[in-house]
Amino acid sequence: MPICDLAELVSLIPDGAKIAIPPSRSGVAMAATRAIIAAGARDLHLVAIPTSGIQADILIGAGCVATMESAGVTLDEFGQAPRFVNAVKSGEIRLMDSTCPAIMSALQAGEKGIPFMPMRGLIGSDLLTFRPDYRVIENPMAEGADPIVTLPAIVPDIALFHAPMADQNGNVWIGKMRELMTMAHAAKVTLVTVEKIFDGDLMADPLRAPATIPALYITKIAKAGNGAWPLGLEGVYDIDKKGFSTYAKAAKTSDGFADYLDFGTT
Amino acid sequence: MPICDLAELVSLIPDGAKIAIPPSRSGVAMAATRAIIAAGARDLHLVAIPTSGIQADILIGAGCVATMESAGVTLDEFGQAPRFVNAVKSGEIRLMDSTCPAIMSALQAGEKGIPFMPMRGLIGSDLLTFRPDYRVIENPMAEGADPIVTLPAIVPDIALFHAPMADQNGNVWIGKMRELMTMAHAAKVTLVTVEKIFDGDLMADPLRAPATIPALYITKIAKAGNGAWPLGLEGVYDIDKKGFSTYAKAAKTSDGFADYLDFGTT
Amino acid sequence: MEYRPEELLIFTIAKLLENMREVAVGVSSPIPGSGALLAQALSGGKTGVTVLNSRTLQSLNDGASELFDRAAQGRIDAFFLSGGQIDGQANINLVGIGDYPRHKVRWSGSFGSAMLYFLVPRVILFREEHTRRTMVKRVDFISAPGVSEAGVYRPGGPSHLLTGLGLFSFDKARARFRLQSVHPGHSIEEILDNTGFDFDLPETLATTAEPAPELLRLLRTMVAKRIKDPYPEFARIWPD
Amino acid sequence: MEYRPEELLIFTIAKLLENMREVAVGVSSPIPGSGALLAQALSGGKTGVTVLNSRTLQSLNDGASELFDRAAQGRIDAFFLSGGQIDGQANINLVGIGDYPRHKVRWSGSFGSAMLYFLVPRVILFREEHTRRTMVKRVDFISAPGVSEAGVYRPGGPSHLLTGLGLFSFDKARARFRLQSVHPGHSIEEILDNTGFDFDLPETLATTAEPAPELLRLLRTMVAKRIKDPYPEFARIWPD
C-alpha cells in the first residue's frame, strides 16, 4: 500500500541522503519539508532540479543540509535566499554550483542509466573550474578538435515533490510539471505528497494517463492538503504572497529564522 | 496557418529527405504515406523510431526508399515485411541496422542538440561492426578502463506522424504516444495528419496540455480521417486486420504488391 | 492431469521467474507472457509484469525509450529474448542467415536485444523450435553477444535457454550451456541430434517437472483471461 | 510625448529584436519581456515570444529542460542575460563578489547562462544599474564567458549591452564593447565615470532614439496588458 502519513513518508529519508527537489513553481513539498525539519534530518545533499528557493533556504537554515547542488537559489521577487547566502558566506555548506541545463542533462543521464551526458557550453566558465566532476572530452563524432563537457549522471537517493493527486494504486498525476517524471525515473526512492486522492485509476483515464507517473516509480505517497504552501501549485492554488513574505522577512536574521521555525508554521 | 491539405503536406518532403516515422502502434501516418507514393518521392532515408512495419514496407516496395535505419521492420502477427526483405536481399536499399534504445537515445541527442549520446550495451554485437558511425570511447567518468558506445545524434529532416487531434493554432494532442513529442522536438520540419480538429486551444486545457506538442514544433497539419488505416490509433480505432492481411498477402510478390498499389487502397 | 506442450513451457518459465520483482516481456511472446503472469499469480502479486503492446498489462507512458530506460535503471529483473539462430555461447541472431547485409534469409531486426541482453540480470532465451537450423554452432550475425570481455559493463545476460525439447542453464564464466532437464516425451539423444552446438550434460538425467493440477487450473482461468488482451489468438488454446 | 526611462529601454530592446523569429525571456525580466512583446506587436505577430514563468506567454510543457533543448535545437534566436558584474570582455558573474566559494556577497547562481550564452545567436546583456560596482574591469567569477577560444563550439554569444545610461554593441572578434548611443539626459562623461572597463567610442556621439508616440500608445495598451500576467507589479507603471 503506497499511501502513508507524512511522518512515515519523511522517515524514509536517511541522514546524508541525496535529495532531488523541484523548482519553486513546480510541486515543492513544503509540508514534507517542515516534517523533515521536525524529524531532525542532517547532512542532506540537496539537488535542485535545477533551482530552488524557500525549500532549500529553510532546510539550510534549520541545519539539515551539508551540500547544495543547484543552478540558483532565490526567493524570486522576495529577494535573495537569506539562509542560503548566510551559509555560503560562513562556509557551513558545501556548494556544487551549476547551470540549469547541466543539472537537467545529468538527471536525464540518471533516468537513462548512462554514466554521463555531454552538453554544449560551460567551457571557459568558472562553474567548470570548481566542478572537477565535470570533464571535458573530445567529441568522438568530430573530425577535428571539438572539446565538449561531459556531466556525471545524477541518481538521487530520494526524489521528493508535491503533486495535485494520486490514486489508491500509487499512480501520481503531475500535469505539465514534467521534470517530476524525470526525477521519479532517475531516483532510487520517490516520495510524494498530494493534495487529494483521485477516485479511480489514473493510468486508465485517457486524458490523465499521459501526465501520470506510474506507481512502479513511486515509493510512498502522503496526503498533505495545501502541501506546497506558502508556494503555489499550478492549476490548484496560487502562491500565498503574505505567507511567503513573512518567511522572507523573518529569515533575514538567525533569530528571526529561529522564531519562524518555532511559530511561523503554526 | 498550419492547416493544409494532404497533397500540400507531403509536397514539403523533398527527395532524399531523412524522415522519422513512429512504430506501428503509435500514430503512423498511412494516408500521408499513400500520398507520398502518389507524389513519386525518391531516395528517402527512413528512420524508424525505433521500428516500423507496413509503412516502411509499402514505401520500400514503391521504390521511394534509399536507406532504411531501424531496429526492426515487421508486419508483426502477419509475418515478415515482404518488400523490406526483398529489397534487403536484392541490395536495393542501404541498411542501417540498430537496436531500439540506440535509436531512441540518438533521437534524444537530436532533441537535446548534442552531437552524441552514450549507451550501454552493443559492444561485441555485429550491429556495431556495421555501424562505423557508432563509436566506442572510454567512459570519462570511470577510473579504470570502461568502454562505452557513443551514438551520433539523429536530426530528422522531417518527422511524419498521425495523431488524434490538433487545434486551429497548430497544437497537436498525442496522448501517451510520447515518442511523437521527441520526434517533433528533434526534427527540422514536423508534418502531422490528424483525425479531427479540436474546437479550442489544446494548450489552454489543463488535462490535454501536458500531452500536446506545442505549435512551435509543428510545420503543417492535414486532416485525414482514419489516417492510420489499416493500422489502428490508440484510443480511437483498432487495427483493421482484414485490411492489413490483404496487404500482407499481396506484398508477398512484386506483382501482388503492384496490384495492391494500383487498387488496394481504393 | 493432461496438459498441452505450451502449458509445460509456461509452467517452466514461471518457475524460472520465482522471486523476481519485475519481469518484462517483449512483443510476439505469448508463452513468456503467460509464464510471467503465472509467476505473478504464484507470487501473490509481488512480481510485477510488463507485457509490451498490451493495453492492460503495462504502465509505459513515456514513449518508446521508457522500457530501455527502466532496464538501465535496474527496474527490470527478468526479460526474454529469442533468436532465428542461437549458438553455444548464447549469441543470438535476429537479423538473418548468410552474409550481412544481403542475407539469404532476412528477419525483422535486433529490436532491443543489443542493450537489454547486457542490462537485465536474468535473460531467458526462449525458442520453441529446437533444430540444427535454430541451435547452431555459430550464429551468422551477432545481434547481441552471450558473453562480454572483462571490462565491458554488463550486469545482465543469459541465465537459461528454454526450447520445445528441454531446459538449459548458462554458465557465463565458461560461456557454455548445460542441459538441465529434458521435457517429458523427449530424450537426450533427440536433443543431441537437434543441437548444432556443444553443451555440458548433467550428471543425472532430469525430466522437466510437470505442472500440478492446481497450477493448470490457475493458468487456464486467471492467466488465460489476462493474456487475452495482448494475445487473443493464442488465448484460444484455453476455451472459456 | 513624455515617456518613462523604462519605456526608452523597452523601445530600445524592441528595436534590437527586429526580424527575430523566436525570442525567449528569463525570470525576473519585466523590461526585456515588455521589449519582446513590443517587438512581437511591431512584427505583426511574426516574432514568437516565450516569457518564462508566465502562464499565457509560453508553451513549455516538457519540463525544466525544454527551454534549453529548444535553444540547442536552434529554435531561439534571442535571449537576455544580466550580471551582478559584467566586464569589458562581456563575461558575466551571477554568483558573487570575492573568492569562491565563500564570497563576500553571494547572489542566486548562474541559472541557464553557462549554456544559453553559447547557443543563442543574439544574447542581449541587460542591466539597468550602470556603476563601477556592476560594470567592472574583471568579474570575480565567470558564470559564462563573453568569448570562447577558437575550436569551442559557440554559435551564440553577446550582441549588445543595454544599461540605464546607454547602449553598447559587442565585437566578438576583438572581445570589446563599443558605445553605440547614450540615452537622452546622459553623457559620455557620465558613462566613462561609471564604467570600470575600457570600451571603444563611436566616431560621432549618438543619442538613443526616443519612442514615437504611436509606439508608446502600443506599449501602454497592448503590451501593458500582456505583460501583466508574468509581471503584475511592474505593469502598474501603466495604470489602466
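Everything below is about the structure shown above.
Everything quoted here is computed from the prediction, not taken from an experiment. (Residues numbered from 1 in each chain as written. Chains lettered and ligands numbered in written order. Predicted model: local features only at pLDDT ≥ 70, side-chain atom pairs only at ≥ 80, totals over all residues. Heavy atoms only, no water.)

1. Brief notes about the environment of Ala71 of chain B
Okay, so step 1: Considering the arrangement of structural elements, one finds Ala71 of chain B in the loop between strand S4 (65–70) and helix H4 (82–90).
Okay, so step 2: In sequence terms Ala71 of chain B and Asp97 of chain B are 26 residues apart; their C-alpha atoms lie 5.9 Å from each other.
Okay, so step 3: Residue contacts for Ala71 of chain B: discarding those within four places in its chain leaves Pro50, Thr51, Ser98, Thr99, Cys100 and Ile103 of chain B together with Gly109, Ser110 and Phe111 of chain C. (Helix = DSSP H or I, 4+ residues; strand = E, 2+ residues; numbered from the N terminus. Contact = heavy atoms within 4.5 Å.)

2. Section: the pattern of salt bridges
Okay, so step 1: Counted according to the given criterion, the structure contains 42 salt bridges over all chains.
Okay, so step 2: We note a salt bridge from Glu69 of chain A to Arg131 of chain A, for which the minimum N-O separation is 3.5 Å. With Glu69 of chain A in strand S4 (residues 65–70) and Arg131 of chain A in the loop between helix H6 (126–129) and strand S7 (135–138), this residue pair connects regions lying 62 residues apart in the sequence. Each member of the pair Glu69 of chain A and Arg131 of chain A is classed as buried.
Okay, so step 3: Across the pair Glu66 of chain C and Arg70 of chain C runs a salt bridge whose closest N-O atoms are separated by 3.3 Å. (Salt bridge = Lys/Arg side-chain N within 4 Å of Asp/Glu carboxyl O. Buried < 20%, exposed > 50% of the residue type's maximum accessible area, 1.4 Å probe, protein only.)

3. Here's the deal with the pairing of S4 of chain B
A regular strand carries its side chains on alternate faces of the sheet.
All names here are of chain B.
Okay, so step 1: Of all 6 residues in S4, 5 are buried, a share of seventy percent or more.
Okay, so step 2: Two strands pair when backbone bridges link them, and strand S3 (residues 44–48) and S4 are joined in this way by 4 bridges, in the parallel orientation. If you follow Leu46 over to S4, its bridge partner there is Met68.
Okay, so step 3: Taken together, S3, helix H3 (residues 54–61) and S4 form a β-α-β motif whose crossover is right-handed.
Okay, so step 4: Direction of pairing for S4 relative to strand S5 (residues 94–97): parallel, over a ladder of 4 bridges. The residue bridging Met68 from the neighbouring strand is Leu95, located in S5. (Pairing = 2+ DSSP bridges. Right-handed = clockwise from strand over helix to strand, strands pointing away.)

4. Comments concerning the side chain of Ser70 of chain B
All names here are of chain B.
Okay, so step 1: Looking at the secondary structure, you find Ser70 in strand S4.
Okay, so step 2: For Ser70, a relative accessible area of 3% puts it in the buried group.
Okay, so step 3: Once residues lying within four places of it in the same chain are set aside, the contact partners of Ser70 are Ala48, Pro50, Met96, Asp97, Ser98 and Ile103.

5. Regarding the relation of the copies chain B and chain A
Okay, so step 1: At an RMSD of 0.0 Å, chain B and chain A line up after a rotation of 180° and a shift of 0.0 Å along the axis. The two molecules are tied by a two-fold rotation axis, judged by turn and shift. Among all residues of chain B, the minimum C-alpha distance to the rotation axis is found for Leu207 of chain B, at 3.0 Å.
Okay, so step 2: Same-surface contact between copies: 100% of interface residues of chain B are shared with the interface of chain A. (Least-squares fit on C-alpha atoms with pLDDT ≥ 70 in both.)

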